[in-house]
Amino acid sequence: MIIGVPKETKSDEYRVALVPAGVEELLKRGHTVIIEQGAGSGSGISDEEYQRAGAQLVVERGEIYDKAQLVMKVKEPLPEEYPLLREEQIVFTFFHFAASKQLTDATLKAKAVAIAYETIRDEHGQHPILTPMSEVAGRMSIQEGAKYLEKPMLGRGILLSGVPGVAPAEVVIVGGGVVGTNAAKVASGFGARVTMLDINTGRLRYLDDIMPKNVVTLISNTQNIRQKVRDADLLIGAVLIEGARAPHVVTKEMVQTMKPGAVIVDVAIDQGGCIETSKPTNHSNPVYREYDVLHYCVTNIPSAVACTSTHALANVTLPYAREIADKGYERAARENPAILKGINMVKGVLTNKAVADAFGMSYRIFQS
Ligand SMILES: NC(=O)c1ccc[n+]([C@@H]2O[C@H](COP(=O)([O-])OP(=O)(O)OC[C@H]3O[C@@H](n4cnc5c(N)ncnc54)[C@H](O)[C@@H]3O)[C@@H](O)[C@H]2O)c1
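On a predicted model such as this, the values are computed, not experimentally measured, just so you know.

What counts and how
- Residues numbered from 1 in each chain as written.
- Predicted model: local features only at pLDDT ≥ 70, side-chain atom pairs only at ≥ 80, totals over all residues.
- Heavy atoms only, no water.
- Helix = DSSP H or I, 4+ residues; strand = E, 2+ residues; numbered from the N terminus.
- Rg over C-alpha atoms; globule rule 2.2 N^0.38 Å.
- Buried < 20%, exposed > 50% of the residue type's maximum accessible area, 1.4 Å probe, protein only.
- Contact = heavy atoms within 4.5 Å.
- Areas by Shrake-Rupley, 256 points an atom, 1.4 Å probe, with all protein chains shown as cover.
- Lys, Arg positive; Asp, Glu negative; His and termini not counted.
- Charge placed at Lys NZ, Arg CZ, Asp CG, Glu CD.
- Patch = residues over 30% accessible without salt bridge, like charges linked within 9 Å, V, L, I, M, F, W, Y side chains within 5 Å.
- Salt bridge = Lys/Arg side-chain N within 4 Å of Asp/Glu carboxyl O.
- Pairing = 2+ DSSP bridges.
- Axes fitted to C-alpha atoms, helices over the stretch in contact; angles between N-to-C directions.
- Polar contact = N/O pair within 3.5 Å; in protein donor to acceptor, adjacent residues only side chain to side chain.
- Near = heavy atom within 4 Å.
- Nonpolar A, V, L, I, M, F, W, Y, C, P; charged D, E, K, R; others polar.
- Right-handed = clockwise from strand over helix to strand, strands pointing away.

Colleague: Residue-level account of the overall build of the protein, with values.
Modeller: Secondary structure summary: the protein contains twelve helices and 15 strands in total. In terms of overall dimensions, the protein is globule-like: its C-alpha atoms have a radius of gyration of 21 Å, near the 21 Å expected for 368 residues. Expressed as a percentage of its 368 residues, the buried residues of the protein come to 55%. Within the protein, residue pairs in contact and separated by at least 24 positions form 63% of the contacts whose partners lie at least 6 positions apart. Here the protein has roughly 15,200 Å² of accessible surface; of this, 50% comes from carbon and sulfur atoms. Side chains of the protein carry 40 positive and 42 negative charges; the gap between the two charge centres is 4 Å.

Shown next, in the form of structure tokens:
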């Protein structure tokens, strides 16, 4: 198969979908890899390193889409890329369709085969490709939140850890999955007072076992969320319902009760955000103020630490890319249920229920 890797187009997206070690692996199996010039530069990987591994460099992005049977990316295609997508071309990337009707319509119209990183789910119910990016984003959410709590950044002017004789900050995390757990690890390590809310009692039981004593778990219901949001210096949104648009578990009215200069980091913004006042932002303009609360809603947080994130992502995408390239998407989906779950669209037909529900569209289960 010809595997194409374009340079990412999203604002401040520094990651790249394939590293030289992955190129070598794919070539060993008889595939061809074409990569856009400069695609790895944001992650500290030079064109020469890709060439040494056997990739062919391409100057024009259009040539990648013209030739590649499998396009590997990091983030969803942007409007300027929609006309480049081809019928039956496999596109393997983060799509987050439920957050964008425009992208959903464009990918359906192109009749491409869309395999979404975020809906690949293994036999343990885990999301193996989303997980490392959620680990990065969860850890980063506290790093960024701590920064914006500083007075020169227009925050409350509070130190997460406090100091002897002065109380630490209140960190409230809604959603105790991978993002939430990694956020809690870092925040508790700083010495903050941390509360985690989740609807899954089994998960709360696990978190109660493994977390240090400065982390308290609470069942997620409107009353508990309302009270904890009011107390929060730093609020992290980390809710996920697979494939679906994130529910607004924190309402506008709750945000209005927050302290002036408090900070919200809505990590779930890539799925539309779990806080009603959240709007997508980017690394060049990461925050805005609403009701005197700073909102950090960057949709590609891991890109800020691209050298770490690219390798973490490539470690988990390569086994699936290898299987799709070796077998073709139909056989790969037949033999590997995780890949089947990743298939969101096939040749103009929507195959993911959560995306269909988000837009009131019809869908058909993909049968390979
Ligand atoms: N912005 C970014 O750059 C970035 C990066 C990585 C991940 N994400 C996003 O972060 C979100 C979380 O990802 P994850 O990997 O932690 O997911 P996850 O599935 O591991 O965890 C989600 C948790 O939310 C909980 N939940 C569901 N409904 C809830 C509710 N009403 N109240 C409280 N908890 C609820 C679930 O029980 C689960 O424990 C996703 O939307 C993901 O796409 C964003």
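Colleague: An account of a nonpolar patch on the surface is needed here, citing residue identities and associated values.
Modeller: On the surface, a cluster of nonpolar side chains totalling about 270 Å² of accessible area is made up of Leu159, Val163 and Val166. By the secondary structure assignment, leucine 159 is in the loop between helix H5 (130–148) and strand E7 (170–174). Judged by relative accessible area, leucine 159 falls into the exposed class, the value being 52%.

Colleague: Which residues make up the pattern of salt bridges, and what values do they have?
Modeller: As enumerated under the stated definition, the model contains 21 salt bridges in all. The partner of arginine 29 in a salt bridge is aspartate 326, with the nearest N and O atoms 2.7 Å apart. Of this pair, arginine 29 sits in the loop between helix H1 (20–28) and strand E2 (32–36) while aspartate 326 sits in helix H10 (residues 306–335), placing them 297 residues apart in sequence. Judged by relative accessible area, which is 41%, arginine 29 ranks as partly exposed. Where salt bridges share partners, they join Glu323, Lys327, Arg331 and Glu335 into one cluster.

Colleague: Would you mind going over the sheet that holds strand E12 (residues 287–290) in detail, with residue names and values included?
Modeller: Overall, mixed pairing links the seven strands, which are arranged E9-E8-E7-E10-E11-E13-E12 in an open sheet. The sheet is open, and its two borders are formed by strand E9 (215–219) and E12, each paired with just one other strand. Recorded for the sheet is a direction-independent mean angle of 20° between the axes of neighbouring strands. Here E7 runs beside strand E10 (residues 234–237); their pairing, made up of four bridges, is parallel. Bridging across to E10, isoleucine 173 finds its partner in isoleucine 236. Against the sheet, H5 makes contact with E7, E10, strand E11 (263–266), E12 and strand E13 (293–296), and its axis sits at roughly 150° relative to E10, the strand it touches most. Contacts from helix H7 (residues 201–210) reach strand E8 (193–198) and E9 within the one sheet, and its direction differs from that of E9 by about 170°.

Colleague: Provide a residue-level description of the sheet that holds strand E3 (residues 56–58), including the pertinent values.
Modeller: Across the sheet, eight strands lie side by side as E3-E2-E1-E4-E5-E6-E14-E15; this open sheet has mixed pairing. The open sheet terminates on both sides in strands that have one partner only, identified here as E3 and strand E15 (349–350). Packing of H10 onto the sheet brings it into contact with strand E1 (2–5), strand E4 (70–72), strand E5 (90–93), strand E6 (113–116) and strand E14 (343–346), and relative to E5 it is tilted by some 150°.

Colleague: Describe the side chain of histidine 283, listing the residues and the values that go with them.
Modeller: Here histidine 283 shows up in the loop between E11 and E12. Separated by 2.8 Å, the side chain of histidine 283 and the backbone oxygen of asparagine 300 make a polar contact.

Colleague: So what's going on with the environment of aspartate 270? Residues and values would help.
Modeller: Take aspartate 270: it is sitting in the loop between E11 and E12. Sequence spacing of aspartate 270 and valine 298 is 28 residues, and the spatial spacing of their C-alpha atoms is 8.1 Å. Setting aside anything within four residues of it in sequence, one finds aspartate 270 in contact with His96, Ala99 and Thr299.

Colleague: Tell me about the site of the ligand, and please be specific about residues and values.
Modeller: The immediate surroundings of the ligand are formed by 29 residues, with Ser134, Val179, Asp198, Ser220 and Asp270 found nearest. In this structure, an oxygen atom belonging to the ligand sits 2.7 Å away from a side-chain N or O atom of serine 134. Contact distances for the ligand include 2.8 Å between an oxygen atom and a backbone N or O atom of isoleucine 301. Calculation on the ligand without its partners gives an accessible area of 860 Å², and the protein chains cover 89% of this total. Listing elements by their share of the shell around the ligand, those giving two or more residues are H5, helix H6 (178–190) and E8. In terms of residue count, H5 provides more of the shell around the ligand than any other element does, four residues in total. Of the residues assigned to the shell around the ligand, the class counts are 17 nonpolar, ten polar and two charged.

Colleague: Requested: an account of the pairing of E6, with residues and values cited.
Modeller: For a regular strand, side-chain orientation follows a simple rule: the groups alternate between the two sheet faces. Because side chains alternate across E6, one face comprises the buried residues Val113 and Ile115, and the other comprises Ala114 and Ala116, equally buried. Bridge analysis of E5 against E6 gives four bridges, and the strand direction is parallel. Bridged to valine 91 within E6 is alanine 114. The handedness of the E5 to E6 crossover, carried by helix H4 (residues 101–110), is right-handed. Sheet topology places E6 next to E14; two bridges connect them, and they run antiparallel. When the bridges of E14 are listed, isoleucine 115 appears paired with isoleucine 343.

Colleague: Pulling in residues and values, what's your account of unusual backbone geometry?
Modeller: At aspartate 12, a residue that is not glycine, the phi angle is positive and equals roughly 55°. Its place among the elements puts aspartate 12 in the loop between E1 and H1. Phi is positive for glutamate 88, which is not a glycine, with a value near 70°. Along the chain, glutamate 88 falls in the loop between E4 and E5. A relative accessible area of 42% means that glutamate 88 is categorised as partly exposed.

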